[in-house]
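Per-entry structural report
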Amino acid sequence: MEMTEKIDHERARYRSILKSTSLIGSASVSNILIGMVRMKFVAVLLGPLGVGLLGMYGQISGFVGAVTGMGINNSGVRQVAEAVSSDDQARIARTVITLRRTAWLTGLLGFLVMVVFSVPISRVTFGTSDYSIQIAALGITLLSGAIAAGQGCVITGTRRISDLAKISVFGGISGTLISIPLFYYYGQEGIIPSLILSSLASLTTSWWFARRIPVLPLDLSWRESYGETRQLLSLGVSFMGAGLVLALSGYLIRIVMLRQFSLADVGMYQAAFNISGVLVGFVLNAMGADYYPRLTAVANDNTCVHRMVNEQSQISILLALPGLAAMMVLAPLVIKLFYSASFEKAVPILHWCILGMLGRVFSWPLGFVMLAKGKGRLFFITEALASGMHLAAVYLLILIWGLNGAGMAFTLLYVVYTGVMLVVMRKMVGETWTKHTIMLTLIASAVLALLMINCTFNSNVIYAWTINLFIIVIVSIVCIRQLSVRADIDYRVLLSRYLKWNI
């Protein structure tokens, strides 16, 4: 009887993970379709040069946002999740009010930094001050983005998964509807207006859903918010440092590549990197939206943490592997579909980035343990080491293998990072992956490596496609079967959901 109850509880947990992932997955499907349209228009209207410029603007705003954001994206979710788990309505209200105020302050700081330092940022990035006005205008996106992020922390911390899915879809639709006309009429000159208007649209959407969350009316002065803000920022500063080194490494990687190659070549790498994360986006987004708050609620119970990490890891691998395998095989077609034939050089980079994304699926469930336990300093150290290694690997490998070396460096990053996360989790929890999780990671790695080798070196088109399609079909059947058994859901229902997420 006890064993039966244990199995039922385990299946219920797997069903809960799948349910959360299905909501995020449904939104991801919509965003994939929307993103295909947006990417296609960007590629056709702006070309590789425009894609590279768009990527550089993203790196600049990401870097400055990491500096001025004080890490409240991570610490805010944790604070709200802890307050919600206490079921203390007054504490929840204090946390939410303080978080919203802090988001405004960090957003204003980001805006001012972009305006004041626009000229030196332009010179460091592009070697000229010609882009200073555009960079200053990007400050608006940091202000609106910080406020929207604060609203998102409240929604995520309260685990309103359905609202997060809707926000994601509405954000994708609004961004596309805004960007395409601007790119069509103004070309590269429309990039900055599209980024600003898209960020304002996202802010409006997040505000609309956040205002529906019931929060106890509380007259909280700024002085009373001070103590809550200190707690928020004390943890957030460590997360800020981690986000800073991550953004800085991404920024420096683009600069290193820009010094070695053309802006159009940087656009090739950006295109491959963007596409590689499309099919695993629903898995990774679900971790932040559902897994992280749940993990935070049981962070002091190492037995529960160990169990949740392995459950999340297994589900994530089984969900992500078929999509990554298909993308590995269809990489040339995917590049042409999402971008254009002029992005052909991005295909081998995409192959390497897909392997790296599998490593991200392996490592993220482990990495969230540090966030859930509030180990901000340790999180900063591990992220700093990983980012430094990534930058060094890009610099060295592009000298040896050219542009493809950047993709190789991304794969190498997550091979090392996953190993580091396993060591860290053992130190914090006492255990890491179970034998079953280890087996899944090895099989998934072998499948993608085999497909990549076959795609790269098998010159016989018929044999290559026969082998690739056979592997994809077998892998998909096995993954869906395993998910069906774990969650005790009929495989036909699960198959319909999976196809909905991935097609």
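Use the structure listed above.
Report follows, based on the coordinates. (Residues numbered from 1 in each chain as written. Predicted model: local features only at pLDDT ≥ 70, side-chain atom pairs only at ≥ 80, totals over all residues. Heavy atoms only, no water.)

Moving on, we get to the overall build of the chain. Looking only at helices and strands, the chain features 19 helices and 0 strands. Counting only residues that meet the buried cut, the chain has 55% of its 503 residues in that class. Pairs at least 24 apart in sequence give 83% of the contacts found in the chain among residues at least 6 apart. (Helix = DSSP H or I, 4+ residues; strand = E, 2+ residues; numbered from the N terminus. Buried < 20%, exposed > 50% of the residue type's maximum accessible area, 1.4 Å probe, protein only. Contact = heavy atoms within 4.5 Å.)

Enumeration over the complete set of coordinates arrives at 11 aromatic pairs. Both rings, one in Trp364 and one in Phe368, keep their centres 6.3 Å apart while their planes meet at 85 degrees; by these two values the pair is edge-to-face. Of the two residues, Trp364 and Phe368 both sit in helix H14 (residues 346-372), 4 residues apart, roughly one turn of that helix. Looking at Phe368, the relative accessible area reads 10%, which means it is buried. The rings of Tyr269, Phe273, Phe410, Tyr414 and Tyr417 are connected pair by pair, giving a single aromatic cluster. Of note, Arg211 hangs over the ring of Trp208, and the distance from its end group to the ring centre comes to 5.0 Å. (Phe/Tyr/Trp six-rings, centres within 6.5 Å; stacked < 30°, edge-to-face > 60°. Lys NZ or Arg CZ within 6 Å of the ring centre and 35° of its normal.)

Here we take up the pattern of salt bridges. Applying the stated rule across the entire model yields 2 salt bridges. With its nearest N and O atoms 2.8 Å apart, the salt bridge here joins Lys345 to Asp265. Separated by 80 residues along the polypeptide, Lys345 in the loop between helix H13 (331-338) and H14 and Asp265 in helix H10 (residues 263-276) bring together distant segments of the chain. A salt bridge links Glu311 to Arg307; the nearest nitrogen and oxygen atoms lie 3.6 Å apart. A residue pair is termed a helical-turn pair when its members lie 3 or 4 positions apart in one helix, as Glu311 and Arg307 do in helix H12 (residues 302-329) at 4 residues. A relative accessible area of 5% places Glu311 in the buried class. (Salt bridge = Lys/Arg side-chain N within 4 Å of Asp/Glu carboxyl O.)

In this section: the packing of helix H7 (residues 161-186) against helix H8 (residues 191-210). Put simply, H7 and H8 touch, their axes get as near as 9 Å, and they point 155 degrees apart. Considered as vectors, H7 and H8 are oriented roughly antiparallel to each other. The handedness of the crossing between H7 and H8 comes out as right-handed. Each of Asp163, Lys166, Ile167, Phe170, Ser174, Gly175, Ile178, Ser179, Leu182 and Phe183 in H7 lies in contact with H8, whose residues at this interface are Ile191, Pro193, Ser194, Leu197, Ser198, Ala201, Thr205, Ser206 and Phe209. Looking at the contact of H7 with H8 residue by residue, the class counts come to 10 nonpolar, 7 polar and 2 charged. (Axes fitted to C-alpha atoms, helices over the stretch in contact; angles between N-to-C directions. Parallel < 35°, antiparallel > 145°, perpendicular 65-115°, else oblique. Left-handed = near helix turned anticlockwise from the far one by under 90°. Nonpolar A, V, L, I, M, F, W, Y, C, P; charged D, E, K, R; others polar.)

Relative to the assigned elements, Ile92 resides in helix H3 (residues 89-116). By relative accessible area, Ile92 is classed as buried at 12%. Setting aside its immediate chain neighbours within four residues, Ile92 contacts Ala83 and Val84.

Before going further, it helps to spend a moment on the environment of Ala137. You can see Ala137 is positioned in helix H5 (residues 132-137). Assessed through its relative accessible area of 21%, Ala137 is described here as partly exposed. Counting along the chain gives 56 residues from Ala137 to Pro193, while the straight-line C-alpha distance between them is 8.6 Å.

This brings us to a nonpolar patch on the surface. A contiguous nonpolar surface patch, about 450 Å² in accessible area, is contributed by Leu330, Leu333, Val461, Trp465 and Leu469. In terms of residues, the nonpolar patch owes the most to one element, helix H18 (residues 461-487), which gives 3 residues. Take Leu333: it is sitting in helix H13. For Leu333, a relative accessible area of 52% gives the class exposed. (Patch = residues over 30% accessible without salt bridge, like charges linked within 9 Å, V, L, I, M, F, W, Y side chains within 5 Å. Areas by Shrake-Rupley, 256 points an atom, 1.4 Å probe, with all protein chains shown as cover.)

The next subject is H14. Between its first and last C-alpha, H14 extends 37 Å over 27 residues, near the 39 Å set by a 1.5 Å rise per residue. The principal kink in H14, of about 40 degrees, is found at Ser363, preceding the proline Pro365 by one to four residues. Following H14 by one or two positions, Gly374 adopts a phi angle in the positive range, close to 75 degrees. (Expected span 1.5 Å × (residues − 1). Bend = angle between axes of the 7 residues up to and from the residue.)

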